[in-house]
Amino acid sequence: MNWITNYVRPRINSIFSRREVPENLWSKCDGCGTMLFHREISDNLNVCTNCGHHMHITPRDRFLSLFDGGVFTEVAVPDPLPDPLHFRDQKRYPDRMKAAQKSIGEKEAMLVAAGEIGRTPIVAAAQDFSFMGGSMGMYVGNAIIAAAQEAVKLGRPLVLFSAAGGARMQEGILSLMQMPRSTVAVQMLKEAGLPYIVVLTHPTTGGVTASYAMLGDVQIAEPNALICFAGPRVIEQTIREKLPEGFQRAEYLLEHGMLDRVTDRRKMREELIVITRMLMKMPPATWGDLPAPGPDDLKPSAEPNAALDDSAE
């Protein structure tokens with residue numbers, strides 16, 4: 001038995017061997033290719049610290065950073081028929097839904113919540129592009145109607161974050177019917193005199209752009225978000241011409257009057273607070289609070305009385 005070979009060398013190798021690093025600790029920025037630590041990304045709201053590229057963020061994470069203290073109440077959304085057309089391609093539609101729900105951990109492609117931002121009560125709805133491309137099905141239509149009804153009932157503005165590839169083909173014409181349904185929901189807000197603010201995120205396309213995503217009283221977009229009905233590749237193949245640089249991106253649309261603002265995600269909360277309070281005719285926001293009084297501050301001081309006694313003498 002060789003003591004060095006059988007004991008010493010394996011012991012040294014175990015000490016200095018390279019430890020395995022979990023794959024989910026680092027992510028690569030799609031904009032500049034920089035490898036970013038997962039905690040660094042989450043602390044920066046999924047915005048690249050090197051180039052400012054806005055990466056995907058789930059509605060739940062967005063709401064945690066949007067609402068005061070990350071506290072919000074989910075608004076119940078009626079469940080539609082699970083498979084109205086009995087659609088099947090390579091998989092059955094219910095099987096695709098179960099796979100998406102298991103992968104994402106959410107019930108559907110839109111989350112509706114109520115809470116406060118900067119002490120301003122609002123109702124918010126956000127689409128999740130990672131759930132079947134954020135496609136607009138019957139559930140999304142129900143979610144928008146539920147959000148509008150909740151906003152009207154509570155007398156609050158509605159803030160909607162759009163992110164979708166368009167209609168959900170597995171629901172066919174029933175999916176396209178959500179365009180007029182969502183338009184009616186927006187009209188409910190307008191008749192009630194309540195603001196409807198839309199934040200368009202990457203990407204917002206198809207029937208979503210052709211309906212509720214472009215009906216806001218104020219239209220805001222995140223930087224470099226793709227916003228269109230038909231994509232650039234489809235348009236180029238149709239007209240057989242090269243499109244301008246940055247065509248259908250947020251900055252291009254702002255320059256041509258289709259948007260009101262292009263705002264960094266890290267500054268979005270403050271901007272929404274200012275806009276909602278202004279539209280609701282509320283006082284300006286309070287950005288800083290004085291610390292709560294301590295026990296010593298609540299005790300009456302004897303020094304002023306002593307000063308009065310000295311002056312009397």
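Above: the structure in question.
Residues numbered from 1 in each chain as written. Predicted model: local features only at pLDDT ≥ 70, side-chain atom pairs only at ≥ 80, totals over all residues. Heavy atoms only, no water.

Participant: Even after reading the chapter, I still don't get the overall build of the chain, so can you show me in this structure?
Facilitator: Helices and strands together make up the secondary structure of the chain, namely 13 helices and nine strands. The buried share of the chain, reckoned over its 313 residues, is 40%. Only carbon and sulfur atoms are counted for the fraction: they give 55% of the accessible area of the chain, which is about 18,400 Å². (Helix = DSSP H or I, 4+ residues; strand = E, 2+ residues; numbered from the N terminus. Buried < 20%, exposed > 50% of the residue type's maximum accessible area, 1.4 Å probe, protein only. Areas by Shrake-Rupley, 256 points an atom, 1.4 Å probe, with all protein chains shown as cover.)

Participant: Sorry if this is basic, but what is going on with the nonpolar core here?
Facilitator: Here is a general trend for soluble globular proteins: nonpolar side chains tend to be buried in one another's company. Core analysis: the biggest nonpolar cluster contains 43 residues, and Met110, Val112, Tyr196, Tyr212 and Ile227 have the highest contact counts within it. Elements that contribute at least two residues to this core include exactly helix H4 (93-104), strand S4 (110-117), strand S5 (120-127), helix H5 (138-154), strand S6 (158-164), helix H7 (178-191), strand S7 (196-204) and helix H10 (250-255). Not counting the four nearest positions on each side in its chain, valine 112 is found in contact with Thr73, Glu74, Val75, Val77, Val123, Ala124, Ala125, Ala143 and Ala147. Counting residues in hydrophobic clusters, the runner-up holds 21 residues, among them Leu111, Ala113, Val159 and Val199. (Core = buried A, V, L, I, M, F, W, Y, C linked by side-chain atoms within 4.5 Å. Contact = heavy atoms within 4.5 Å.)

Participant: How should the sheet that holds S7 be read in this particular structure?
Facilitator: Within a beta sheet, neighbouring strands are joined by backbone hydrogen bonds and run either parallel or antiparallel to one another. Ordered by their spatial adjacency, seven strands build an open sheet running S3-S4-S5-S6-S7-S8-S9, and the pairing between neighbours is mixed. Edge positions in the sheet fall to strand S3 (72-74) and strand S9 (261-262), since each has one partner strand and no second. In terms of strand pairing, S3 meets S4 through three bridges, oriented antiparallel. Directly across from threonine 73, in S4, lies its bridge partner alanine 114. Helix H3 (residues 59-66) contacts S3, S4, S5, S6 and S7 of the sheet and is inclined by roughly 160° relative to S5. (Pairing = 2+ DSSP bridges. Axes fitted to C-alpha atoms, helices over the stretch in contact; angles between N-to-C directions.)

Participant: Before we go on, may I ask you to explain the environment of leucine 226 in this structure?
Facilitator: Examined against the element boundaries, leucine 226 turns out to sit in the loop between strand S8 (218-221) and helix H9 (232-239). Taking the C-alpha atoms as reference, leucine 226 lies 6.2 Å from threonine 204; in sequence the two are 22 residues apart.

Participant: Help me understand the packing of H5 against H7, please; the structure alone is not making it clear to me.
Facilitator: Helix-helix packing is characterised by the crossing angle of the two axes and by the distance between the axes. Contact geometry of H5 with H7 gives a least axis separation of 9 Å together with a crossing angle of 5°. If you check the angle between H5 and H7, you find them roughly parallel. On H7, the residues touching Met138, Gly141, Asn142, Ile144, Ile145, Ala148, Gln149, Ala151 and Val152 of H5 are Gln178, Arg181, Ser182, Ala185, Met188 and Leu189. Residues that form the contact of H5 with H7 fall into these classes: nine nonpolar, five polar and one charged. (Parallel < 35°, antiparallel > 145°, perpendicular 65-115°, else oblique. Nonpolar A, V, L, I, M, F, W, Y, C, P; charged D, E, K, R; others polar.)

The values reported here are purely geometric and, on their own, carry no functional implication.
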